[in-house]
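Secondary and tertiary structure notes
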Amino acid sequence: MLISEPARRLHNDALIWDTHACFRLDPNADLSELKRYRDSGVNFVSLNIGMDLNSFENTMQVLARYRSYIAAHPEQYVLGLTVGDIQAAKETGKLAIAFDLEGSDPLLGNLNMISLYYDLGVRQMLLAYNKDNRASGGCMEGKIGLTEFGREVIREMNRVGMVVDLSHMGYRATMEAVEVSTAPVIFSHSNPSGLRQHARNISDEQIKACAQTGGVVGINGIGDFLGGTSSELIVQNIEYVMSLVGPEHEGIGLDYVIDKQELIEYVEGHPDIFPADKMKDYLSFVEPEQFPEFTELLYQKGYSDDVILGILGRNFLRV
């Protein structure tokens, strides 16, 4: 897609935020493809360091590897631990990086782990990954809502400043979480089921509940959830959410997976977490290089600079 000069200038001025990305969950992971985000104008990305199905030992080793890689490349990357860090990264042409957890099992049932992860750079966590766990129902199961432990987790996340992420959680659990949290919650990488029915997509009611907390919904770039991988589909999903709750509650979380073979191994090795009847075209993705196209399409549609800048990153920066 040809990017017009006005849209290119707007893209260059924007603080661009991708609230969820997946590199290999390996203690020796190669993170060289982070360059793709920086080259696409992205200023902040949150990297997943572990899921409910990963061991605590592996999660901590992955976190150590990611932190070490960032520290070894200070001319390109910085830990984005504060809003100021992220804004400074934008000003100096670097990519700010923080981390997220997909599920609360890495806490080992210990609330004290939340502040430890926070101190190490984890800035958002969802409570369950697809399956029900000790804290919450998951979207592929959802037999329970929030447990008392889950409520305590949210309270402690609020206390330390870790963002409560509702992606991958079950409907009942998400609706209970918005009642418990005293801070804005997010869906870091979830799409509206009003456009495409999928177990991982979320209802209008969930979107509205998130917005009522002051939160943001990040549109997911997995083809199975979108119905394709075009930038037009990303913008269509953005517009759907905006029509429900307004532009200030909209963002982007592509959920791009760098290592497709690792994804195949996870999906095929865990049919209870990734049911075959609910995970069909899971290897197709919107690419990080498409970020400028989102800006162009939003510009073509006549949205104001403030609206576009909010969607591209300022809304998540506010949260």
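A brief look at the structure comes next.

This part takes up the packing of aromatic side chains. The tally for this structure, following the rule as stated, stands at seven aromatic pairs. Measuring from ring centre to ring centre gives 6.3 Å for Y66 and F99, while their planes differ by 45°; the resulting arrangement is tilted. In this pair, Y66 is assigned in helix α3 (residues 56-72) and F99 in strand β4 (residues 95-102), connecting sequence segments 33 residues apart. Three or more aromatic residues joined by ring pairs make a cluster, and in this case those are W17, F44 and F316. Positioned above the aromatic ring of Y118, the side-chain terminus of R123 is 3.7 Å from the ring centre.

With that out of the way, let us pick up the pairing of strand β2 (residues 44-51). Each regular strand displays side chains that alternate between the two surfaces of the sheet. Counted residue by residue, β2 has eight buried out of eight residues, so it is predominantly covered. Here strand β1 (residues 17-22) pairs with β2 via three bridges, running parallel. Within the sheet, the bridge partner assigned to A21 lies in β2 and is L47. Traced from β1 through helix α2 (residues 34-39) to β2, the parallel crossover comes out right-handed. Looking at chain direction, β2 and β4 are connected through seven bridges and run parallel. In the sheet register, G50 faces β4, and the bridge partner there is L101.

A word on the side chain of D165. Turning to its location among the elements, D165 is positioned in strand β6 (residues 163-165). No salt bridge is formed by the buried D165. Its closest oppositely charged neighbour is R200, at 7.9 Å. Reaching out from D165, the side chain makes a polar contact with the backbone nitrogen of S167 at a distance of 3.0 Å. In this view, D165 contacts Q124, M125, L126, L127, I186, F187 and S188; residues no more than four positions away in its chain are not counted.

Analysis parameters
Residues numbered from 1 in each chain as written. Predicted model: local features only at pLDDT ≥ 70, side-chain atom pairs only at ≥ 80, totals over all residues. Heavy atoms only, no water. Phe/Tyr/Trp six-rings, centres within 6.5 Å; stacked < 30°, edge-to-face > 60°. Helix = DSSP H or I, 4+ residues; strand = E, 2+ residues; numbered from the N terminus. Lys NZ or Arg CZ within 6 Å of the ring centre and 35° of its normal. Buried < 20%, exposed > 50% of the residue type's maximum accessible area, 1.4 Å probe, protein only. Pairing = 2+ DSSP bridges. Right-handed = clockwise from strand over helix to strand, strands pointing away. Lys, Arg positive; Asp, Glu negative; His and termini not counted. Salt bridge = Lys/Arg side-chain N within 4 Å of Asp/Glu carboxyl O. Polar contact = N/O pair within 3.5 Å; in protein donor to acceptor, adjacent residues only side chain to side chain. Contact = heavy atoms within 4.5 Å.

Structural measurements only, silent on function.
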